[in-house]
Amino acid sequence: YWLQAASYRDLADAEDMRVSLLLQNMEANVKPFSHEGVLWHRVIVGPYQTRTQMNTARQILISAGVSPLLIPEYLSQ
């Protein structure tokens with residue numbers, strides 16, 4: 001399981017979020033993607049091997065004011 005914590009146009013903003021998540025002991029990466037010709041940067045957390053692990057991470061993100069999205073594995077690669 002993978003969660004998208006946020007999506008930013010500015011790479012620096014995405015990196016700031018990634019570092020913030022790392023400081024909370026969450027495995028986070030930035031993955032670029034293009035939408036309608038605009039480059040975006042997804043902040044992805046995971047992978048989580050079980051739904052329980054993913055739900056725990058989701059609750060941590062929510063309590064930090066983040067609205068995570070469950071994303072398909074193929075998007076995270």
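Look up: the structure comes first, before these words.
Quantities reported herein were computed from a predicted structural model and do not represent experimental measurements.

Thoughts on the environment of proline 32
With respect to the element layout, proline 32 can be found in strand β2 (residues 28-35). Note: C-alpha distance between proline 32 and asparagine 55 (23 residues apart in sequence) is 25 Å. Setting aside its immediate chain neighbours within four residues, proline 32 contacts Leu39, Trp40 and His41.

Some thoughts on the pairing of strand β3 (residues 38-45)
Sheet topology note: the strand β1 (residues 2-8)/β3 ladder contains five bridges and is antiparallel. Counted as the bridge partner of glutamine 4 is isoleucine 44 from β3. As judged from the eight bridges shared by β2 and β3, these two strands associate in the antiparallel manner. Residue pairing across strands places asparagine 29 opposite isoleucine 44, the latter belonging to β3.

Points about helix α2 (residues 51-63)
Relative to the 18 Å expected for 13 residues at 1.5 Å per residue, α2 spans 18 Å between its end C-alpha atoms, a close match to the ideal helical length. Within α2, burial applies to Met54, Ala57 and Leu61. Projection of α2 onto a plane perpendicular to its axis shows the buried side chains occupying an angular sector of 65 degrees, all on one side. Looking at α2, the residues exposed on the side facing more than 90 degrees away from the buried face are Thr52 and Ser63. The secondary structure elements touched by the buried residues of α2 are β1, α1 (11-23), β3 and β4 (69-71).

A few points about unusual backbone geometry
Looking along the chain, the bond that leaves glycine 46 and enters proline 47 is cis, with omega of 10 degrees. Structurally, proline 47 can be placed in the loop between β3 and α2. For glutamate 36, which is not a glycine, the phi torsion comes out positive at approximately 55 degrees. With respect to the helices and strands, glutamate 36 occurs in the loop between β2 and β3. Look at glutamate 36 and you get exposed, because its relative accessible area is 72%.

Concerning the sheet that holds β2
What holds strands together in a sheet is hydrogen bonding between their backbones, with the strands either parallel or antiparallel. If you trace the four strands from one edge of the open sheet to the other, you get β2-β3-β1-β4, paired in antiparallel fashion. Edge strands, defined here as strands with exactly one partner in the open sheet, are β2 and β4. Each strand of the sheet is rotated relative to its neighbour by a mean of 45 degrees, with strand direction disregarded. Across the sheet, α1 lies against β1, β2 and β3, angled at about 150 degrees from β2, the strand it touches most.

The rules we used
- Residues numbered from 1 in each chain as written.
- Predicted model: local features only at pLDDT ≥ 70, side-chain atom pairs only at ≥ 80, totals over all residues.
- Heavy atoms only, no water.
- Helix = DSSP H or I, 4+ residues; strand = E, 2+ residues; numbered from the N terminus.
- Contact = heavy atoms within 4.5 Å.
- Pairing = 2+ DSSP bridges.
- Expected span 1.5 Å × (residues − 1).
- Buried < 20%, exposed > 50% of the residue type's maximum accessible area, 1.4 Å probe, protein only.
- Arc of directions from axis to C-beta.
- Axes fitted to C-alpha atoms, helices over the stretch in contact; angles between N-to-C directions.

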